[in-house]
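As a plain string of letters, each chain reads:
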Amino acid sequence: MENKIRLAGSLFSGGGLGDVGIEWGSKIPVIAACELLPSRASLIRKNFPGAQVFEGDIWQVKEAYIQYFRKVLKGQSPWLLTLSPPCQGMSSNGAGRISSAIRAGNRPLEDERNRLILPGIEVLEALQPEWFLLENVRRMENTVIRNERNQPENILTCLARRMHPLGYTLRSCILDFRDYGVPHHRERLITIGCRIPQVVAHFPKVTDVLCSGISPLHPRPTHGEGTKQAWVTLRRAIGKLPSLDSKTNCKDVNDPYHCVPKWNDNQYFWMKNTPEGQTAFDNTCCADCGTMKTNQEEVICRACRRPLPVPQMKKSGKVRLIKGFRSSYRRMWWDRPAGTLTMNSGVISSDLKGHPEQNRVLSLREILRLSTLDHDQWKRNYDFTGIPLGKWDDSQSFSARLVREVIGESIPPLAMKCMVDHLLQLEKSIEYKAKKTARPR
Ligand SMILES: C[S@@+](CC[C@H](N)C(=O)[O-])C[C@H]1O[C@@H](n2cnc3c(N)ncnc32)[C@H](O)[C@@H]1O
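Summary of the structure given here. (Residues numbered from 1 in each chain as written. Predicted model: local features only at pLDDT ≥ 70, side-chain atom pairs only at ≥ 80, totals over all residues. Heavy atoms only, no water.)

**Observations concerning the state of the cysteines**
The final tally for this structure, using the stated rule, is 0 disulfides. Left unpaired, Cys211 is separated from the closest cysteine sulfur, that of Cys173, by 4.2 Å. For Cys211, a relative accessible area of 22% translates into the label partly exposed. Sulfur of Cys418: no disulfide; nearest cysteine sulfur belongs to Cys173 and is 13 Å away. (Disulfide = S-S within 2.5 Å. Buried < 20%, exposed > 50% of the residue type's maximum accessible area, 1.4 Å probe, protein only.)

**Side note on helix α10 (residues 364-371)**
For α10, the tally of buried residues reaches 7 of 8 residues, placing the bulk of the element in the interior. Three or more residues of α10 are buried, namely Leu364, Arg365, Glu366, Ile367, Leu368, Leu370 and Ser371. Here the buried face of α10 lies against α8 (234-238), β11 (255-259), α11 (400-408) and α12 (413-438). With a side-chain oxygen positioned 3.4 Å from the backbone nitrogen of Arg365, the residue opening α10 is Ser363. Looking one or two places after α10, you find Thr372, whose phi comes out positive at around 75°. (Helix = DSSP H or I, 4+ residues; strand = E, 2+ residues; numbered from the N terminus. Contact = heavy atoms within 4.5 Å. Polar contact = N/O pair within 3.5 Å; in protein donor to acceptor, adjacent residues only side chain to side chain.)

**Considering the packing of helix α2 (residues 38-47) against α11**
The interhelical angle for the contact between α2 and α11, taken along N-to-C directions, is 85°, at an axis separation of 11 Å. Judged by the inter-axis angle, α2 sits roughly perpendicular to α11. Contacts between α2 and α11 involve Ser39, Arg40 and Leu43 from the first element and Leu402, Glu405 and Val406 from the second. A per-class count over the contact of α2 with α11 returns 3 nonpolar, 1 polar and 2 charged. (Axes fitted to C-alpha atoms, helices over the stretch in contact; angles between N-to-C directions. Parallel < 35°, antiparallel > 145°, perpendicular 65-115°, else oblique. Nonpolar A, V, L, I, M, F, W, Y, C, P; charged D, E, K, R; others polar.)

**Some details on the side chain of Arg188**
Structurally, the position occupied by Arg188 is in strand β9 (residues 187-194). For Arg188, a relative accessible area of 12% puts it in the buried group. A polar side-chain atom of Arg188 sits 3.2 Å from a polar atom in the side chain of Glu135. Apart from residues no more than four positions distant in its own chain, Arg188 is found in contact with Glu135, Asn136, Val137, Cys173, Ile174, Leu175 and Phe177.

**Description of the site of the ligand**
Around the ligand lies a shell of 20 residues, among which Glu35, Arg40, Asp57, Ile58 and Ser84 are the nearest. Contact distances for the ligand include 2.6 Å between an oxygen atom and a side-chain N or O atom of Glu35. In this structure, Asp57 approaches the ligand through a side-chain N or O atom, which is 2.8 Å from a nitrogen atom. Against a free-state accessible area of 600 Å², the protein chains account for coverage of 91% of the ligand. (Near = heavy atom within 4 Å. Areas by Shrake-Rupley, 256 points an atom, 1.4 Å probe, with all protein chains shown as cover.)

**Notes on the pairing of β11**
With 4 of its 5 residues buried, β11 lies for the most part within the structure. Of the pairings in the sheet, the one linking strand β10 (residues 251-252) to β11 comprises 2 bridges and is antiparallel in character. Residue pairing in the sheet places Asp252 in a bridge with Asp255 of β11. Where β10 folds back onto β11 in an antiparallel hairpin, the turn is made up of 2 residues. (Pairing = 2+ DSSP bridges.)

**Concerning the environment of Gly9**
Among the structural elements, Gly9 can be located in strand β1 (residues 8-11). When its relative accessible area of 0% is taken as the criterion, Gly9 is described as buried. Counting along the chain gives 63 residues from Gly9 to Val72, while the straight-line C-alpha distance between them is 12 Å. Beyond its immediate stretch of four places on either side in the chain, Gly9 contacts Val30, Ala32, Tyr65, Phe69, Leu80, Leu81 and Thr82.

Structural data, given as structure tokens:
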């Protein structure tokens, strides 16, 4: 096993951030990718010149993807395929509704995106990689889809039903990437499958692939409680970057990526009065009167009649509180990992997006650091330049929206490296054990 050539491919590749972990981190070349959106496919071409990029809907391009691997590998299997299909996840309620619609012979109201796992499985069946890794939001564990036989089936059950007969062993676990040194909280359901006989012998097939703890196919946490290292906090990851302000100083002249969107006066007023870790919805009167609110709906101070620094709007001539979750208009904590990075990392009304102290959201440079795409380990920079998306500012060579979207949907490269290194290590230790038992006494 030691000298074998290991090659990888990705499906639903996004901007290839997970692929950075595989190729730049674990040194396994990623030779093919598949992505629907042209801007993201262009990013992969730019950053992985050795990879063949299949741009388009996987239902249409899967055959070409399979043929490409067969041609390049001359019939051999890839070592690893990774898949991160978009999946909207589902409550058990939704699952029940879909199941009963299918049983009643009706076509259920379903999110077609949840069925994208099916062409993904077809590619796995055709190429039979030694390992595969499926990444998705944790809610996917409860997601029921209409399978290839038009029957309702839980996604993981469907995957196991189709991969087990090909000799795969599978395990699914929920990992939080902050437990692997990533400086933000990101919980994902990671399913790992392997068909290497020695690995399968050690970790045989199980009917219920969802594990309550960490399976042996997944790496053990390296950071946080019960480990030797603390979580990487926001302060450690971005604390030394120059200050910015969403009203007076939106851009660092020395770093085009250290920039933030402008806030309007209202947003600025609400957030300026919001302490670290808190939401603007809890703010009380900021004037000298210091009067506390008596109920959550108040927008004007009862004592001094000045507007409270709480998210509010005028509707039908009346000022009232903006409807929103208490996780919105909220600042992060300096001494914790950042909140989950999403496509909306630049929007303060979205979940937990405020800088802990400065009046702004996180800059592009900060989310690049927190995602681990900007990381000393890679010894090179990921290139976002020249690919337009959305409003294109000629003074900039990249799209801020593209950066935020691609990072918001990614597998952090450091987490991917950690998972892939674990697979390499597993192979090595199993090979070592096999050699030891085979040695004549
Ligand atoms: C969760 S993101 C993957 C991110 C990626 N793993 C990374 O680390 O950067 C899912 C990707 O699947 C792509 N996608 C959605 N529908 C698709 C389809 N029908 N065919 C191919 N790709 C699709 C989306 O555009 C999105 O970039």
